[in-house]
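# Structural description and commentary
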Amino acid sequence: MLTRPVSLGIATALAVIAGATFAGASVLQQRAARGAPPADALRPRLILDLLHRRDWLAGSGAGAAGFGFQAVALYLGPITLVQPLIITELLFALPVSARLAGRRLSPREWLGASLVVGGLAGFLITAAPSQSTRPLDTGRWLLVMAAVVPIVGAALLLAPHRPGLTRTSMLAVGTGVTFGVMATLTKAAGTLFAERGVVAVTNWQPWALAVVACTGVLLSQSAFQAGPLAVSLPLIDVLIPLSASVIAVTAFHERIGHTDVDIPVELFAGAAVIAGIALLDTSPLVRRAQRSDAGAMQ
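Owing to the predicted nature of the structure, the values given are computational and were not obtained by experimental measurement.

Scoring rules and cut-offs
- Residues numbered from 1 in each chain as written.
- Predicted model: local features only at pLDDT ≥ 70, side-chain atom pairs only at ≥ 80, totals over all residues.
- Heavy atoms only, no water.
- 1 Å grid on protein atoms, 1.4 Å probe; cavity = no way out; pocket = protein on both sides within 12 Å on 5 of 7 lines; lining within 4 Å.
- Points joined across faces, edges and corners; volume = space filled by probe spheres on them.
- Helix = DSSP H or I, 4+ residues; strand = E, 2+ residues; numbered from the N terminus.
- Nonpolar A, V, L, I, M, F, W, Y, C, P; charged D, E, K, R; others polar.
- Core = buried A, V, L, I, M, F, W, Y, C linked by side-chain atoms within 4.5 Å.
- Buried < 20%, exposed > 50% of the residue type's maximum accessible area, 1.4 Å probe, protein only.
- Contact = heavy atoms within 4.5 Å.
- Axes fitted to C-alpha atoms, helices over the stretch in contact; angles between N-to-C directions.
- Parallel < 35°, antiparallel > 145°, perpendicular 65-115°, else oblique.
- Left-handed = near helix turned anticlockwise from the far one by under 90°.
- Patch = residues over 30% accessible without salt bridge, like charges linked within 9 Å, V, L, I, M, F, W, Y side chains within 5 Å.
- Areas by Shrake-Rupley, 256 points an atom, 1.4 Å probe, with all protein chains shown as cover.
- Salt bridge = Lys/Arg side-chain N within 4 Å of Asp/Glu carboxyl O.
- pLDDT = per-residue confidence, 0-100.

## Things to note about the layout of surface pockets
- Approximately 570 Å³ is the volume found for the second largest pocket.
- Around the second largest pocket sit 27 residues that line it, and Phe-22, Gln-29, Gly-63, Phe-179 and Met-182 are the ones nearest its centre.
- Of all the secondary-structure elements, those providing two or more residues to the lining of the second largest pocket are helix H1 (4–33), helix H3 (54–76), helix H8 (164–196), helix H9 (204–226) and helix H10 (229–251).
- Considering each element in turn, the lining of the second largest pocket owes the most residues, seven residues, to H3.
- Counted by class, the lining of the second largest pocket contains 16 nonpolar, nine polar and two charged residues.

## A closer look at the nonpolar core
- In this structure, Leu-50, Val-82, Leu-90, Leu-94, Trp-141, Leu-171 and Leu-185 are the most contacted members of the largest nonpolar core, which totals 75 residues.
- Among the elements that make up this core, the one with the highest residue count is H10 (11 residues).
- Ignoring anything within four residues of it in the chain, the contact list for Leu-185 reads Trp-141, Met-145, Trp-204, Gln-205, Ala-208, Leu-209 and Val-212.

## A word on the packing of helix H7 (residues 138–158) against H10
- Packing of H7 against H10 leaves a shortest axis separation of 9 Å and a crossing angle of 155°. It follows from the interaxial angle that H7 and H10 lie roughly antiparallel. In the packing of H7 onto H10, the handedness of the crossing is right-handed. For the pair H7 and H10, the contacting residues are Arg-140, Trp-141 and Val-144 in the first and Ile-247, Thr-250 and Ala-251 in the second.

## Considering unusual backbone geometry
- Of note in the backbone geometry, Leu-42 takes a positive phi value of approximately 60° without being a glycine.
- For Leu-42, the location among the structural elements is in the loop between H1 and helix H2 (44–50).
- A residue is classified by how much of its surface remains accessible, and Leu-42, at 16% relative accessible area, is buried.

## Description of a nonpolar patch on the surface
- On the surface, a nonpolar cluster with roughly 270 Å² of combined accessible area is contributed by Leu-48, Leu-51 and Leu-57.
- Within the secondary structure layout, Leu-48 lies in helix H2.
- Overall, the relative accessible area of 53% leaves Leu-48 in the exposed class.

## A word on the pattern of salt bridges
- One pass over the full model with this rule turns up two salt bridges.
- The partner of Arg-45 in a salt bridge is Asp-40, and the shortest N-O contact between them spans 2.8 Å.

## Looking at the confidence of the model for the chain
- Per-residue pLDDT for the chain averages 83, and the proportion of residues at 70 or more is 89%.
- Of all secondary-structure elements in the chain, the lowest mean pLDDT belongs to helix H12 (residues 284–297), at 54, while H3 reaches the highest, 94.
- Considering only residues more than four positions removed or in separate chains, one finds that residues 294–298, a stretch of pLDDT under 50, has two contacts.

## Some points on the side chain of Ser-26
- As for its position among the elements, Ser-26 is in helix H1.
- Taking relative accessible area as the criterion, Ser-26 reaches 7% and is therefore assigned buried.
- Residues within four places of Ser-26 in sequence aside, it is in contact with Glu-89, Phe-224, Leu-229 and Leu-233.

This is the structure in structure tokens:
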């Protein structure tokens with residue numbers, strides 16, 4: 001049996017590895033998705049088209065590996081520790097994506113990415129997350145789903161009718177929230193399988209995980225198809241740990257710091273994340289990429 005410090009150390013390392021792996025997956029999948037017909041957005045036909053593209057298949061393989069690292073990290077550590085660490089994906093994905101597009105990240109983009117990552121790191125250090133062994137409350141799960149479904153539903157129904165960056169951002173929001181729920185379901189299903197073996201399939205969590213995962217894949221590929229990675233990825237990477245952490249505290253009874261000193265630091269860290277997203281979403285590099293993408297698709 002691993003001691004708590006060893007478990008947290010392994011979970012931390014695996015979360016960072018998962019972030020790097022997800023970065024490669026995002027870059028490859030976005031390159032493939034941008035070539036798919038716009039009319040296929042948010043339709044299963046989009047995935048069928050992408051299955052014939054080598055970049056997308058390679059990205060899917062990297063994504064599957066990243067999910068494996070993430071699942072083990074979530075089993076060993078609290079959601080509020082693992083999910084924020086996966087934001088390190090940004091540090092790998094944005095420069096690689098820009099280089100493949102023949103562009104360079106300016107100091108503005110580096111500052112934006114640094115604020116996002118630094119803000120989440122500051123929150124993580126201050127919050128000092130810890131797990132709880134209390135059983136899950138099904139009633140709380142229902143409340144979580146009641147809050148999540150309208151957000152994801154809005155992305156599915158409204159995004160196709162919005163232009164440019166607005167469409168990309170809405171799809172990214174839906175993706176981030178969906179994958180946040182997926183992370184918590186991964187932990188719940190993983191714990192059930194560890195405790196009960198194959199009998200765990202008689203519970204609703206593994207089946208809900210499959211449905212949420214499919215929805216998340218369709219949303220994420222539609223977001224990648226709709227616009228530059230520098231628009232979608234920061235939103236996705238911020239909303240995944242944010243939504244997962246909220247669910248972890250409400251459904252999993254995980255604990256984060258909430259003293260008089262912790263709260264102002266956590267608010268400052270959150271403001272840094274928002275500022276970083278604003279810098280990235282309004283950067284000239286992103287605007288030029290969006291214009292060139294739109295011109296290429298006409």
